Amino acid sequence: MTLKRTSLYETHRALGASLVPFAGWEMPVQYSGLMEEHLRVRSSCGVFDVSHMGEIEISGPDAMKAVQYFGTNDITKTRDNQCQYTLLCYPTGGVVDDCIVYRYSKERFMICVNASNTDKVFKWFNEVDLSEVAPDVTIEDVSDKYSQIALQGPASIRVLKKLTDIDPKSIWGFYFTETRLLGKKVLVSRTGYTGEDGFEIYSAPEDSAAIWDAIMEAGESEDILPIGLGARNTLRLEMGYPLYGHELSKDITPIEAGLARFVSLNKEKFIGHETIKAQAENGVEKRLTGFVFHGPGVPRDDYEVRVKGVAAGHVTSGTLSPCMRRGLGLAYLPPSACKAGTEISVIIRGRAFKAKTVKTPFYQKQVQ
Amino acid sequence: MSTPEDLKYTKEHEWVRLEGDTAVVGITDHAQDSLGDVVYVELPEEGSDVTKDEAFGVVESVKAVSDLYAPLSGNVVEVNEAVVDAPEVINEDPYGEGWMIKIESPSEEDIAALLSADEYEQYVEEEK
């Protein structure tokens, strides 16, 4: 299969990025170096190409009802121009994908989904019988119409201010606005996947290279860096954010993943409601927990986790935290072992490395 | 990429500096550059034996784990504990402070099998 390329491919090449296959795309994994890129986003700001992400639009008189049925969160609690994190589940309660819903109006929503799941989600939306719940909707995969650039880090707001007529401060957290950047039509949301303040900018693919260059230029005084998928992963992991294919899958429910706050059991029926409600009431057999190493070592995906010397689960994501300089990760363990402070061990090359379970986020933002 | 003329090299990207009867071993500038920031190192115990072409330790960056392969067989007479405590030294000074182990009395045969700086540079070019 040939890898897809984003509209910023040539830009990445010119910047000397290492490009790797990711979810069917040829994407930059790093530019100057993962560690430097990661730390720059925390201390100042960085720019990411996330055009591989998919966008699906749901519109029509019953659009809101359809979104309410597909997602676990309660979309009626949002206002126009607001974003909401939600989970799409199967009737089993297992996760189809986690996504951000953009509400233009009660009759038009855009759903930003993971690159690896775009086709699957679009197919799923079309398979679900909406004839009773929301018959009058149109579902369209609009991924090809958008490039997406993320500008993340505490200095992002100053960089964006130089480029738009609107005051970026007027975009509240988890809201979006449609505006112009370099005269090009864009959608700007105050969202991200790093735990830092920041924005995600959706544009037409043909405009993205000019927008990227303008951001790099406007960010020069802030020492802005281009950031690859490597640092994107370590940034999200320091925050304990789940990643589909690691912490989320069709065999894991939102309750097990510790995402109950994004599940609205009191709203009208949604797909997966019964299983998820039962789990919320009766408890689960495994739960996602964070852990940190006591000493040196780097936990990685799939390493075995032991509790009291007995195999109890596997690492779903692990890394050395660039900010904390310590090995940390996420794993599914029996709920009894998830209590913060539980001593566990991670098996690396046959040796047990001691760790303890902790609450996430791992990284606490420095007060500036 | 820096490849000092006075060192010997392997296709596994280790370098060897012969100091009398002892061989000092580390990873090349090219290797540290490809790895990125080294964040963890595992080295053998002092006094243990290593075997040519077999793994003697591990270097890890945030992104990946790589085995270290012994360029020569012999007894490990010294281990650089400083790189275990501060692995970033391997990125900063791969041919100096970033050395890893010292192997005692390597065989002439093992030494003869090592690459010269020119041969190593050529190999790296071909590998690209």
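If you're wondering where the values come from, they're calculated on a predicted model, not measured in any experiment.

## Examining the overall build of chain A
And then number 1: If you tally the helices and strands in chain A, you get eight helices and 19 strands.
And then number 2: Against the 2.2 N^0.38 benchmark of 21 Å for 368 residues, chain A shows a C-alpha radius of gyration of 21 Å, consistent with a compact globule.
And then number 3: Its C-alpha atoms give chain A principal-axis dimensions of about 60 × 55 × 45 Å.
And then number 4: Taking all contacts inside chain A whose residues are at least 6 apart in sequence as the whole, residues at least 24 apart take part in 66%.

## Focus on the packing of helix H2 (residues 34-43) of chain A against helix H7 (residues 229-238) of chain A
Residue and element names in this part refer to chain A.
And then number 1: H7 packs onto H2 with a crossing angle of 50° between their chain directions and a minimal axis gap of 9 Å. Judged by the inter-axis angle, H2 sits oblique to H7. In this structure, the crossing between H2 and H7 has a hand that is right-handed. On the side of H2, the interface is formed by Leu-34, Glu-37, His-38, Val-41 and Arg-42, while H7 contributes Gly-230, Ala-231, Thr-234, Leu-235 and Glu-238.

## Here's the deal with the interface of chain A and chain B
And then number 1: Each partner contributes to the interface: chain A provides 16 residues, whereas chain B provides eleven residues.
And then number 2: A buried area of about 1200 Å², summed over both sides, lies between chain A and chain B, and 54% of it is on carbon and sulfur atoms.
And then number 3: One can count four salt bridges joining chain A with chain B.
And then number 4: Linking Glu-42 of chain B and Arg-351 of chain A is a salt bridge whose minimum nitrogen-to-oxygen distance equals 3.3 Å.
And then number 5: Applying the counting criterion to the chain A and chain B interface returns seven residue pairs in polar contact (both at pLDDT 80 or more).
And then number 6: Contributions of two or more residues to the side of chain A that touches chain B are made by H2, H7, strand E16 (310-321) and strand E19 (351-358) of chain A.
And then number 7: Residue composition of the side of chain A that touches chain B, by class: eight nonpolar, four polar and four charged.

## Observations concerning the packing of aromatic side chains
All names here are of chain A.
And then number 1: The tally for this structure, following the rule as stated, stands at 14 aromatic pairs over all chains.
And then number 2: An aromatic cluster is present here, built from Tyr-102, Tyr-104, Tyr-146, Phe-176 and Tyr-202 joined pairwise through their rings.
And then number 3: When the ring centre of Tyr-9 is taken as origin, the NZ or CZ atom of Arg-5, which lies over that ring, is 3.9 Å away.
And then number 4: Across from the ring centre of Tyr-363, 4.3 Å away, lies the NZ or CZ of Arg-42, which sits over that ring.

## What to know about the domain arrangement of chain A
And then number 1: One can read the domain layout of chain A as domain 1 (9-50 + 146-238), domain 2 (54-143) and domain 3 (285-358).
And then number 2: On a C-alpha basis, the centres of domain 2 of chain A and domain 3 of chain A stand 34 Å from each other.

## Here's the deal with the sheet that holds strand E17 (residues 326-333) of chain A
Residues and elements named next belong to chain A.
And then number 1: Strands sit in the order E14-E17-E16-E15-E18-E19 around a closed barrel of six strands; the barrel is antiparallel. Averaged over all neighbouring strand pairs, the angle between strand axes comes to 40°, with direction disregarded.
And then number 2: Where strand E15 (residues 304-307) lies against E16, four bridges are found, and the strand directions are antiparallel. Note that in E16 the partner of Glu-304 across the bridge is His-314.
And then number 3: Sitting on the sheet, H7 touches E16 and E17, and the angle it makes with E16 is about 120°.

The rules behind the values
- For every chain, the first residue of its written sequence is number 1, and the numbers climb from 1 along that sequence.
- To read the labels, note that chains go from A and ligands from 1, taken in the order they are written.
- Local features in this predicted model are restricted to residues of pLDDT 70 or higher, and side-chain atom pairs are both shown and tallied only at a pLDDT of 80 or more, whereas totals for entire chains, interfaces and linings draw on every residue.
- Excluded from the side-chain calculations are hydrogens and water; all other atoms, namely the structure's heavy atoms, are used.
- Comment: elements are numbered from the N terminus, with helices defined as DSSP H or I runs of at least four residues and strands as E runs of at least two.
- With the radius of gyration taken over C-alpha atoms, the globule rule is written as 2.2 Å times the number of residues to the power 0.38.
- It only takes one pair of heavy atoms within 4.5 Å for two residues to be counted as in contact.
- Helix axes are fitted only over the stretch in contact, all axes being lines through C-alpha atoms; the angle between N-to-C directions runs from 0 to 180 degrees.
- To sort the angles, those under 35 degrees are grouped as roughly parallel, those over 145 as roughly antiparallel, those from 65 to 115 as roughly perpendicular, and the leftovers as oblique.
- Crossings are sorted by hand: turned counterclockwise from the far helix by less than a right angle, the near helix makes the crossing left-handed, and turned clockwise it makes it right-handed.
- By convention, the term buried area covers the 1.4 Å-probe accessible surface removed from two parts as they join, with the contributions of both added.
- A pair is scored as a salt bridge if a Lys or Arg side-chain nitrogen falls within 4 Å of a carboxyl oxygen belonging to Asp or Glu.
- For the purposes of these results, a polar contact is taken to be a pair of N or O atoms within 3.5 Å, where, inside protein, one atom must be able to donate a hydrogen and its partner to accept one; residues adjacent in sequence count only when each atom of the pair is a side-chain atom.
- Three classes are used: nonpolar for Ala, Val, Leu, Ile, Met, Phe, Trp, Tyr, Cys and Pro, charged for Asp, Glu, Lys and Arg, and polar for all others, with Gly counted as polar.
- Two rings from Phe, Tyr or Trp (for Trp, the six-membered ring) form a pair when their centres sit within 6.5 Å of each other. Planes less than 30 degrees apart are called stacked, planes more than 60 degrees apart edge-to-face, and all others tilted.
- Over a ring means this: the NZ of a Lys or the CZ of an Arg is within 6 Å of the ring centre and within 35 degrees of the ring normal.
- Each domain span listed reflects an automatic or database assignment of domains.
- At least two DSSP bridges between two strands are needed for those strands to be called paired.

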